Amino acid sequence: MAYDAPLPRLGAFDGGTIAAVRDVAAPQVVIRERGWREFDRRDRIGAWDALAEWASEPNPFYESWYLLPSLRALDPRENVTILAMEADGQLAGLMPLVRSKSYYGHPVPHLSNWVHSNAFLGQPLVARGLEREFWRALLAWCDRSTRTPLFLHLAHVPAQGRLHDALSAVMREDPRPAATVFQEERAMLSSSAGAEAYFEQSLSAKKRKELRRQQRRLGEEGGYTVERITDYSMVAEWTREFLELEARGWKGEAGSAMQSDPATRSLFQHAIAGSAARGRLERIALRLDGRPIAMLANFVTQPGAYSYKTAFDEDFARFSPGVLLQRENLALLERDGIEWADSCAAQDHPMIDHFWRERRVIQRRSIGIGGRLRRAAFSALIRMETGHGARGIQ
């Protein structure tokens, strides 16, 4: 399904020249839906990676090294497709799409960006300077899609930023029913303070004293070291250690550890290797006589970072290894090129919320598509869901 003009052959994408798109006053914009396996090729991955480098806002969960392993592991029937936008022949926007007949348990057909339980952001990748063009093209494509879906649902998207502002502007240009149907706040780091100053400001003197005491006592148990790796070294060994450590804890007992399911284990292994190969990964571990007692993986996507996964040895819980690990993670505040870090944690997380003081608002938004009848039906649905009419994107 094409919007505007025919889509050029994807293999023609030249990732090295994507920057030139931003200098075109009125680029020819094209958007089309394709099966995701068509993107699982070296040349197309190259264009995809180039788009990620020039993206208006980062989303590691939609970069090739994370999204492709997610699709291979979790979408064997290929229900997910890729909406790709080109501007003057260059890949300039990308979002995974799913057609669903169910809306949070209710039989309501709709279109949605694709996220899963281990993907913590659903924001599309869009080249800088083309944010409004992307939303215009996407909404026009949705309007011209099959008549069954009642609306477009955008899950796990930030309530601020260039893409949010661009969508709001496009909605003012072309008013249509829309609503923010859910939002939550999760902990984030965003401060000009250094790591030690932030630590002093975040925790009470009593808590800081207790943590220092626990760290000293932990050191009495054996050789205590802090390991920080930002390159590709020891990726396979580190990944195995993390999976085993997480599986020994409560997540393993609950069956929610990454190792508990072959699909999530494969996703984790490929995502860690892929992000490390592209310089997108930072790994931190607290070790006692070489044995990991707490481990953490950050995705580093300038100007932000995402605290992806963490695990600790519950046999050492009396020493608060998870909190000690997060103290080491405050070094993100001093890392060149990093302005903020997203915890990827649930709202009101009992540990990180008391440590990371800033908050990031994450929303679910629904937008009416199609002609008058579909939009009227969507407006009625929104009144039932929210208790009020459509209020636009907030």
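Residues numbered from 1 in each chain as written. Predicted model: local features only at pLDDT ≥ 70, side-chain atom pairs only at ≥ 80, totals over all residues. Heavy atoms only, no water.

1. Brief notes about the layout of surface pockets
Picture a little ball the size of a water molecule; that probe, rolled over the atoms, points out where space is still empty.
Thinking step 1. Of the volumes computed, that of the largest pocket is approximately 910 Å³.
Thinking step 2. Around the largest pocket, the lining comprises 34 residues; the ones closest to its centre are Lys251, Thr310, Cys344, Ala345 and His349.
Thinking step 3. Going through the elements one at a time, β8 (178-189), α7 (235-247), α8 (250-254), β12 (304-312) and α10 (321-329) are the ones with two or more residues in the lining of the largest pocket.
Thinking step 4. For the lining of the largest pocket, the element with the highest residue contribution is β12, accounting for six residues.
Thinking step 5. Tallied by class, residues from the lining of the largest pocket come to 16 nonpolar, twelve polar and six charged.
Thinking step 6. Quantified by volume, the second largest pocket comes out at close to 170 Å³.
Thinking step 7. Looking at the second largest pocket, it is lined by 13 residues, and the ones nearest its centre are Tyr104, His110, Ser112, His153 and Ala155.
Thinking step 8. Residue assignment for the lining of the second largest pocket shows that the elements contributing at least two residues are β4 (90-100), β5 (110-113) and β7 (151-158).
Thinking step 9. Looking at the lining of the second largest pocket residue by residue, the class counts come to five nonpolar, seven polar and one charged. (1 Å grid on protein atoms, 1.4 Å probe; cavity = no way out; pocket = protein on both sides within 12 Å on 5 of 7 lines; lining within 4 Å. Points joined across faces, edges and corners; volume = space filled by probe spheres on them. Helix = DSSP H or I, 4+ residues; strand = E, 2+ residues; numbered from the N terminus. Nonpolar A, V, L, I, M, F, W, Y, C, P; charged D, E, K, R; others polar.)

2. Brief notes about the packing of helix α5 (residues 195-202) against helix α6 (residues 205-220)
Thinking step 1. Where α5 meets α6, the axes come as close as 8 Å, and the angle between the chain directions of the two elements is 120 degrees. In terms of orientation, α5 and α6 fall into the oblique class. In this structure, α5 uses Glu196, Phe199 and Glu200 to contact α6, whose residues at the interface are Arg208, Leu211 and Arg212.
Thinking step 2. Here the residues of the contact of α5 with α6 sort into two nonpolar, no polar and four charged. (Axes fitted to C-alpha atoms, helices over the stretch in contact; angles between N-to-C directions. Parallel < 35°, antiparallel > 145°, perpendicular 65-115°, else oblique. Contact = heavy atoms within 4.5 Å.)

3. Describing the nonpolar core
Thinking step 1. Trp135 and Leu138 are the most contacted members of the largest nonpolar core, which has 50 residues in total.
Thinking step 2. Discounting chain neighbours no more than four positions away, the residues touching leucine 138 are Ile31, Leu83, Met95 and Leu152.
Thinking step 3. Ile284, Leu296, Ala305 and Ala345 belong to the second-largest nonpolar core, a separate cluster that totals 32 residues. (Core = buried A, V, L, I, M, F, W, Y, C linked by side-chain atoms within 4.5 Å. Buried < 20%, exposed > 50% of the residue type's maximum accessible area, 1.4 Å probe, protein only.)

4. What to know about empty space enclosed by the protein
Thinking step 1. Per the counting criterion, the structure on display carries one cavity of 30 Å³ or more.
Thinking step 2. In this structure, the largest cavity spans a volume of roughly 50 Å³.
Thinking step 3. For the largest cavity, the full set of lining residues is Gln123, Pro124, Trp135, Leu154, Val157, Pro158, Leu163, His164 and Arg365.
Thinking step 4. When contributions to the lining of the largest cavity are tallied by element, the ones reaching two or more residues are β7 and α4 (162-173).
Thinking step 5. Here the lining of the largest cavity gets three residues from one element, more than from any other, and that element is β7.

5. Here we look at the side chain of aspartate 342
Thinking step 1. If you trace the backbone, aspartate 342 turns up in strand β13 (residues 340-342).
Thinking step 2. Residue class for aspartate 342 comes out buried when judged on its relative accessible area of 0%.
Thinking step 3. Those residues within four positions of aspartate 342 in sequence are excluded, and the remaining contacts are Arg186, Ala187, Met188, Ala305, Tyr306, Ser307, Trp356 and Arg360.

6. Considering the pattern of salt bridges
Thinking step 1. Enumeration according to the criterion identifies 31 salt bridges in this entry.
Thinking step 2. For glutamate 33, the salt bridge goes to arginine 99, with nearest N and O atoms at 2.5 Å. Of this pair, glutamate 33 sits in strand β2 (residues 29-35) while arginine 99 sits in strand β4, placing them 66 residues apart in sequence.
Thinking step 3. The partner of arginine 360 in a salt bridge is aspartate 342, and the shortest N-O contact between them spans 2.8 Å. Of this pair, arginine 360 sits in strand β14 (residues 358-368) while aspartate 342 sits in strand β13, and the two are 18 residues apart along the sequence. (Salt bridge = Lys/Arg side-chain N within 4 Å of Asp/Glu carboxyl O.)

7. Thoughts on the packing of helix α1 (residues 42-53) against helix α2 (residues 64-74)
Thinking step 1. Between α1 and α2, the least distance of the axes is 10 Å, while the angle of their chain directions is 130 degrees. Judged by the angle between their axes, α1 and α2 are oblique. Of the residues in α2, those touching α1 at Ile45, Trp48 and Asp49 are Ser64, Leu67 and Leu68.
Thinking step 2. Class assignment for the residues of the contact of α1 with α2 results in four nonpolar, one polar and one charged.

8. Examining α7
Thinking step 1. Helix length check: α7 (13 residues) gives 18 Å between terminal C-alpha atoms against 18 Å at 1.5 Å per residue, within 8%.
Thinking step 2. Taken together, the buried residues of α7 touch β9 (224-229), α8, α9 (262-277), β10 (281-288), β11 (291-301) and β12. (Expected span 1.5 Å × (residues − 1).)

Any functional reading would require information beyond the geometric quantities listed.
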